[in-house]
Structures are given as C-alpha cells and as structure tokens.
Amino acid sequence: MARKKQYNEEEVIKKAMGLFWRNGYEATSVRMLEKEMGINQFSIYSSFKNKQGVFLESVQYYKTQINTIKEKLRTSNNGVIGLKQYFYDFIEFSSEGNLRKGCLVTNTVNEIKQDAEPEVMTELKKFANEIRDLFVSNLKQDDKKKNTLIQEQADYLMNTLLGLSISSKVFTKKQLENIIEVTFTNL
C-alpha cells in the first residue's frame, strides 16, 4: 500500500520555485531543494523523479502565478496600450519588496546550456512562445499593420521583455520604466 504524502505538493513546489528563481537551475542542488521544500530526498525522488522534475513542476506553478497578468493581456482590447501595461505589470510581478528577481524562465534560459537539458529548454521555449503569441494577438488589433510587421514587432517585444527581465535585477524602477516608454515609442 502506498504511503500518504505528509506534505502539500503545491506548497513544496512553491518553495522550490522560489529557490530556483533566486539561485538558478544549475546552482540549485537536490540537497538545497530538500532543505527548502522541507521534505527528504526520498520524497523528492518519489514524487518528482529528480531535480529536473521538480523544476518542471516549478515552471508549471510559475505559469499559474504569472497567469493573472497573462490573462489581463489575453482579454485586452487595447492593442499596444495593453501590451505596454503587460510590461509594467511584469515589473511588479517579478518584484518581491525591494528584491527584483527577473523572470524565472529568462533567468534559467540565460544559465543552462541548450543541449544539457533538452526537456527543460523545450518547456522554457513553450512558455516564451505563449507570451509571444499574446503579443501577436494584441498587435493584430491594429488592423492597419501587415502580418510581417506584426511578427517582427512581436519578436522585438520578446527581446525587450527578456532584456527587461535581466535589467530588472540591477536597474532602478525609473530606469525600467524608461525602457518600457522608449520601447513603445518605437511601435
């Protein structure tokens, strides 16, 4: 008979997500996860198979957390104005008090080698493409734009968002707002 879990899976994944977000995927060890999550190594392997499994679950949890601002963009009828608001919302989402953490996905993309963790990279690309698709759908609200321009602008916005994520760890809030304002003067 299988043993009943002595922990809440959502709570331990939330803790793991925070650890990955702060330290990065590569720097986070199973021992660190064990301590942060408050469960033993056996439970980690039993429930998640390995560190990668914990991380993939953490990314899924991250998606549920960022879904509030994604949903706001998904339902926006304001085109570029809605996109700009998403960038401002993102800055707030990625902050924890005075601590600016950037984006879990962007942080991980920057640190791992693409061929080292193909399953992880696939999940990260999938997440990025979901955001890009939202950019495209909001840009299409301006029916004067050709599809080629929409695709190029979506790529530009993704590049800016990735840069903003990294910049958010070192720049002031005012500098980040300046980046957003300049970005949207060019659309």
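Let us look at the structure shown here. None of the values given here were measured: they were computed from a predicted structure.

This part is about the overall build of the protein. Of the regular secondary structure elements, the protein holds 9 helices and 2 strands. For the protein, the N- to C-terminal ordering of α and β elements is α-α-α-α-α-β-β-α-α-α-α. Taken along its principal axes, the extent of the C-alpha atoms in the protein is 65 × 35 × 30 Å. Within the protein, buried positions represent 45% of all 187 residues.

A word on the packing of aromatic side chains. Per the counting criterion, the structure on display carries 11 aromatic pairs. Taken together through their ring pairs, the aromatic side chains of Trp21, Tyr62, Phe93 and Phe127 make up a single cluster. Cation over ring: lysine 51 sits above tyrosine 25, and NZ or CZ is 4.4 Å from the ring centre. A cation over a ring is seen here: lysine 101 above tryptophan 21, with NZ or CZ 3.7 Å from the ring centre.

Note on placement: serine 94 falls in the loop between helix 5 (80–93) and strand 1 (95–96). By relative accessible area, which is 1% here, serine 94 ends up buried. For the pair serine 94 and glutamine 141, spaced 47 residues apart in sequence, the C-alpha separation works out to 27 Å. In this structure the side chain of serine 94 is engaged in a polar contact, spanning 3.3 Å, whose partner is the backbone oxygen of isoleucine 91.

Right, let's talk about helix 3 (residues 41–48) for a bit. Within the sequence span of helix 3, burial applies to Ser43, Ile44 and Phe48. An end-on view of helix 3 places all buried positions within 105 degrees of arc, on one side of the element. More than 90 degrees from the buried face of helix 3, the exposed residues found are Phe42 and Ser46. Looking at the buried side of helix 3, the elements it contacts are helix 1 (9–23), helix 2 (30–37) and helix 4 (51–74).

Here we come to unusual backbone geometry. Backbone geometry at lysine 49 places phi at a positive 75 degrees, although glycine is not the residue there. With respect to the element layout, lysine 49 can be found in the loop between helix 3 and helix 4.

The next point concerns the packing of helix 1 against helix 4. Interaxial distance between helix 1 and helix 4 falls to 8 Å at its minimum, and their mutual angle equals 95 degrees. The angle between the axes of helix 1 and helix 4 places the two elements in the roughly perpendicular class. Across the interface between the two elements, Glu10, Ile13, Lys14, Ala16, Met17, Phe20 and Trp21 of helix 1 pack against Lys51, Val54, Phe55, Glu57, Ser58, Tyr61 and Tyr62 of helix 4. For the contact of helix 1 with helix 4, the class distribution of residues is 9 nonpolar, 1 polar and 4 charged.

Here is what the cut-offs are and how they apply
- Along every chain, residues carry numbers that run from 1 in the direction the sequence is written.
- Reporting in this predicted model follows two pLDDT cut-offs: at least 70 for local features of residues, and 80 or more for side-chain atom pairs to be given and counted; totals over whole chains, interfaces and linings ignore these cut-offs and use all residues.
- With hydrogens and water set aside, each side-chain value is computed from the structure's full complement of heavy atoms.
- Think of it this way: any DSSP run of H or I at least four residues long counts as a helix, any run of E at least two long counts as a strand, and we number them from the N terminus.
- Type-normalised accessible area, obtained with a 1.4 Å probe on protein chains alone, sets the label of each residue: buried when under 20%, exposed when over 50%, and partly exposed for intermediate values.
- Only the six-membered ring of Trp is used, alongside the rings of Phe and Tyr, when aromatic pairs are assigned; centres must lie within 6.5 Å, and planes under 30 degrees apart are stacked while those over 60 apart are edge-to-face, with the rest tilted.
- Here, a charge over a ring means that NZ of Lys or CZ of Arg falls within 6 Å of the ring centre while also lying within 35 degrees of the ring normal.
- Think of a polar contact as two N or O atoms within 3.5 Å of one another; within protein, one of them needs to be a possible hydrogen donor and the other a possible acceptor, and neighboring residues in sequence only count if both atoms come from side chains.
- The directions considered for the arc run from the helix axis to the C-beta atoms.
- Residue contacts are counted whenever heavy atoms from the two residues lie within 4.5 Å of one another.
- For every element, the axis is a line fit to its C-alpha atoms; helices are fit only across the contacting stretch, and the angle between N-to-C directions ranges from 0 to 180 degrees.
- Under this scheme an angle from 65 to 115 degrees is roughly perpendicular, one under 35 degrees roughly parallel, and one over 145 degrees roughly antiparallel; angles in between are oblique.
- Amino acids are sorted into nonpolar (Ala, Val, Leu, Ile, Met, Phe, Trp, Tyr, Cys and Pro), charged (Asp, Glu, Lys and Arg) and polar (every other residue, Gly among them).

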